[in-house]
Amino acid sequence: MALLQISEPGESPEPHTRRLAVGIDLGTTNSLVATIRNAVPECLPDEAGRTMLPSAVRYAEQGIVDVGHLALAHRGDDALNTITSVKRFMGRSIADVREETKARYQFTTPSGDGKGQLKITTRRGAISPIEVSAEILKTLKARAEESLGGELYGAVITVPAYFDDAQRQATKDAAQLAGLHVLRLLNEPTAAAVAYGLDQKAEGTYLIYDLGGGTFDVSILRLTRGVFEVLATAGDTHLGGDDFDEALAKHAFETWQLARALSPAGQANLLAASRAAKEALSDNETATIKVNWGCGFDSSVDVSRERFYELTRPLVDRTISAVKKTLRDAKLKVGDIDGVVLVGGATRTPQVRAALEAHFGKPALATMNPDEVVALGAAIQADQLAGNAKQGEQHLLLDVIPLSLGIETMGNLVEKIVSRNSTIPIAKAQEFTTFKDGQTAMAVHVVQGERELVSDCRSLARFELRGIPPMVAGAARIRVTFQVDADGLLSVSATEVTSGARAEVAVKPSYGLADGEIATMLQVAYTHASADMQARALAEARVDASALVQALGIALDEDRALLSESEAVALTSQVAFLKQLAEGTDHRAIARATEDLNRASTDFAGRRMDKAVNKALAGKNIASIA
Ligand code: ADP
Ligand code: MG
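Residues numbered from 1 in each chain as written. Chains lettered and ligands numbered in written order. Predicted model: local features only at pLDDT ≥ 70, side-chain atom pairs only at ≥ 80, totals over all residues. Heavy atoms only, no water.

**Thoughts on the nonpolar core**
Ranked by internal contacts, the top residues of the largest apolar core, which has 41 residues, are Leu-207, Tyr-209, Ile-289, Val-340, Leu-356 and Phe-360. Ranked by residues supplied to this core, first place goes to helix H8 (residues 305-329) with seven residues. Taken domain by domain, this core gets at least three of its residues from each of domain 1 (20-239 + 321-397) and domain 2 (241-312). Here Val-340 is in contact with Leu-207, Tyr-209, Leu-356, Phe-360, Ala-364 and Leu-365, once residues within four sequence places are set aside. Val-67, Ile-83, Val-97 and Phe-107 belong to the second largest nonpolar core, which has 40 residues in total. (Core = buried A, V, L, I, M, F, W, Y, C linked by side-chain atoms within 4.5 Å. Buried < 20%, exposed > 50% of the residue type's maximum accessible area, 1.4 Å probe, protein only. Helix = DSSP H or I, 4+ residues; strand = E, 2+ residues; numbered from the N terminus. Domains from an automatic or database assignment. Contact = heavy atoms within 4.5 Å.)

**Quick notes on the side chain of Asp-217**
On the secondary structure map, Asp-217 appears in strand E14 (residues 216-224). When sequence neighbours within four positions are dropped, the list of residues in contact with Asp-217 reads Tyr-162, Glu-188, Ile-208, Tyr-209, Asp-210, Ala-234 and Gly-235.

**Some thoughts on the packing of aromatic side chains**
Scanning the model with the defined rule gives seven aromatic pairs in all. Between Phe-89 and Tyr-105, the aromatic rings sit 6.3 Å apart at their centres with planes inclined by 90 degrees, giving edge-to-face as the arrangement. With Phe-89 in the loop between strand E7 (82-84) and helix H2 (99-102) and Tyr-105 in the loop between H2 and strand E8 (106-108), the pair connects residues that are 16 residues apart, well separated along the chain. Like Tyr-105, Phe-89 is buried. Judged by centre distance (5.2 Å) and plane angle (75 degrees), the rings of Phe-89 and Phe-107 are edge-to-face. On the criterion of sequence distance, the pair formed by Phe-89 in the loop between E7 and H2 and Phe-107 in strand E8 is long-range, its members being 18 residues apart. Among the aromatic residues, those joined into a ring-pair cluster are Phe-89, Tyr-105 and Phe-107. Over the aromatic face of Tyr-153 sits the side chain of Arg-19, whose NZ or CZ is 4.3 Å from the ring centroid. (Phe/Tyr/Trp six-rings, centres within 6.5 Å; stacked < 30°, edge-to-face > 60°. Lys NZ or Arg CZ within 6 Å of the ring centre and 35° of its normal.)

**What to know about the pattern of salt bridges**
One pass over the full model with this rule turns up 30 salt bridges. Between Asp-78 and Arg-123 there is a salt bridge, and its shortest N-O distance comes to 3.0 Å. Taken together, the residues span a long stretch of sequence, with Asp-78 in the loop between helix H1 (69-72) and E7 and Arg-123 in the loop between strand E9 (119-122) and strand E10 (125-127) at a distance of 45 residues. A relative accessible area of 9% places Asp-78 in the buried class. Arg-608 is the salt-bridge partner of Glu-558, the closest N and O atoms lying 2.8 Å from each other. Residue Glu-558 is found in helix H12 (residues 529-559), and its partner Arg-608 is found in helix H15 (residues 602-617); the two are separated by 50 residues along the sequence. The exposure class of Arg-608 is partly exposed, given its relative accessible area of 26%. It is possible to trace a salt-bridge network through shared partners that takes in Arg-58, Glu-61, Asp-66, Asp-78 and Arg-123. (Salt bridge = Lys/Arg side-chain N within 4 Å of Asp/Glu carboxyl O.)

**With respect to helix H10 (residues 373-385)**
Helical geometry note: an α-helix holds 3.6 residues per turn, so side chains three or four residues apart project in the same direction. Its 13 residues place the ends of H10 19 Å apart at the C-alpha level, agreeing with the 18 Å of an ideal helix rising 1.5 Å per residue. The element H10 is extensively covered by neighbouring structure, given that 13 of its 13 residues are classed as buried. Backbone geometry just after H10 places Gly-387 at a positive phi near 85 degrees. (Expected span 1.5 Å × (residues − 1).)

**A word on the environment of Leu-32**
You can see Leu-32 is positioned in strand E2 (residues 30-37). Through-space distance from the C-alpha of Leu-32 to that of Ile-136 is 9.7 Å; in sequence the pair is 104 residues apart. Once residues lying within four places of it in the same chain are set aside, the contact partners of Leu-32 are Gly-23, Ile-24, Asp-25, Cys-43, Thr-51, Met-52, Leu-140, Asp-371, Glu-372 and Ala-375.

**Some words on the sheet that holds E7**
Taken together, three strands build an open sheet; the order of strands is E6-E5-E7 and the sheet is antiparallel. Among the strands making up the open sheet, the edge pair consists of strand E6 (65-67) and E7. Geometrically, the sheet is characterised by an average inter-axis angle of 15 degrees between neighbouring strands, direction not taken into account. With three bridges connecting them, strand E5 (residues 56-59) and E6 associate as antiparallel partners. Residue pairing across strands places Tyr-59 opposite Val-65, the latter belonging to E6. (Pairing = 2+ DSSP bridges. Axes fitted to C-alpha atoms, helices over the stretch in contact; angles between N-to-C directions.)

**What about the confidence of the model for the protein chain?**
In this model, the protein chain carries a mean pLDDT of 85, and residues with pLDDT of at least 70 account for 89%. In this model residues 509-515 is a low-confidence stretch, pLDDT under 50, and it forms 33 contacts with partners more than four residues away in sequence or in other chains. Across residues 621-626, confidence stays below pLDDT 50; counting only partners more than four residues off in sequence or on other chains, it has two contacts. (pLDDT = per-residue confidence, 0-100.)

**Examining the sheet that holds strand E21 (residues 413-418)**
Pairing in this open sheet of four strands is antiparallel, and the strands run E21-E20-E24-E25 from one edge to the other. What marks the edges here is a single partner per strand, and that holds for E21 and strand E25 (458-465). Here the average twist between neighbouring strands, direction ignored, is 30 degrees. Two strands pair when backbone bridges link them, and strand E20 (residues 405-409) and E21 are joined in this way by five bridges, in the antiparallel orientation. Paired with Thr-409 across the bridge in E21 is Leu-413.

**Here's the deal with the site of ligand 1**
For ligand 1, the set of nearby residues contains 18 residues, the closest of which are Thr-29, Asn-30, Lys-278, Glu-279 and Ser-282. For ligand 1, whose accessible area on its own is 590 Å², the fraction buried by protein is 91%. Counting residues per element, the ones that place at least two in the shell around ligand 1 are helix H6 (241-256) and helix H7 (264-281). Taken domain by domain, the makeup of the shell around ligand 1 includes at least three residues from each of domain 1 (20-239 + 321-397) and domain 2 (241-312). (Near = heavy atom within 4 Å. Areas by Shrake-Rupley, 256 points an atom, 1.4 Å probe, with all protein chains shown as cover.)

**Digging into the environment of Gly-213**
Note that Gly-213 resides in the loop between strand E13 (203-211) and E14. For the pair Gly-213 and Asp-243, spaced 30 residues apart in the sequence, the C-alpha separation amounts to 8.3 Å.

As structure tokens, this is what we get:
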């Protein structure tokens, strides 16, 4: 069945020219670039025939920047200037970095308050993770242009499904810095599903199991007519192939009973040897960890698959627990999953596949290279977006946003404007009004999250709409429009409809959600749903009460003369009672008292109205009124 067909505005293809478009998997450990050649997606190799570029950048002496294998070779002897796993720092502040990681580099923040995009101090000065990623992207761009023989038209770059606005924006900034035209950011699990051609099937629910070098992500995707909905994501941002290497290294170190602790270079050697042995164990029953310490001294130990499995079983079990949790979050059973897709180099390990097969009762989809599958899917999308696909074969994917977006309203409440899992791109507007008479400005506070109270959501941006013509409370019509583009990036505008006063922001938060925070926020929203309803009811009751207290306060000041002494005393004490009640937490009592006071003051309001009418009529003749 055909997918939703959407033509991208301004991207209509020239009929005969083929545009050079690539897909890029900008990974934590390894990055790849792929393109469509002769109708088949393929990863482009470097001059040594390797498709994977280690995501490592070294700021060497004399302004030289090494990227990939060259940089990685210096991880032991020039650690502070050799940046690896930079993806973890994209769109992050120092406050988001784990304690263990803080020791690896010297971090700084431009603003000095620990907020905002962090930077890493190297011999070349403070470098932003965006610049580091840009070096990786530049290298891949050069590789692609060399092998395709022309300038690139654009690229699709993949990001984890849980990446928030700040992390996506940082990725786009890096691409721009590298001189790449970003056709779209695409979620990694979505790209993997596309590579497997799952988008060609009409419907289905797939689990994408992505075990990379340092991160583990599991996502459940539902595909319905070209819409990829992320039903749940979970995982562990600090679990991956590196942990398997460390388990082997520890085993070797203990076996050898070396007399002293290893130097950083020795440690790096041991880890590299362990990794080589681990990878060899994917194809062989035994492997040898062999380290040459220099000066003619070396150590080695043989490891069997069984031994390796024993050493790493807890790691595999942790991934299976995360799989179970994702299923629970999505309210699905094992049998609801139509297929399991393997992504990430570490899924080549046979015991990982065996554990998944045992859990799902059927083998995972493994016909594609798990290292390459994300880049290949991105290349297919890039080709489509560049307009290269043949008529009738064009289809685009729709992604969804992971968390709701809204604005703060009176009483610290969140009014959701774009709800979670809406397909993007999307534009949605909602009208708001002023709270006070004569209010000429309105503060718009944009927040992200599932909870009802602003304090439980993430603040994304604040801006002000000014120049609202003075009107009575509730008369102004302020239209707030949220626009989320195909990359999941948000811009917000506010317009006062009658006057046309307008203000807008492209939401570019200085720092984003911490690792896993989206998943946690979703989880918390579910468990707090009923408490949130209470909080919302209370906040609403308080807003109503305070509006009435305020209005009656003014009325009593102005027109006390319209009331008898006992009426005035009765109303004043009722106002005081409501005011006091509103400080408590019983939303029902507050609502009831508000209603009572409303009723009790109706007559007073009527008298004020008469007085106002009489005043307006005073001195005017009949003709001028008519
Ligand atoms: P990322 O998505 O984090 O960039 P990758 O998907 O490239 O990472 O996965 C890198 C990990 O895959 C490394 O830990 C590497 O050792 C592991 N890996 C690569 N090939 C194999 C193999 N044949 N057997 C087991 N693990 C492998
Ligand atoms: Mg990856």
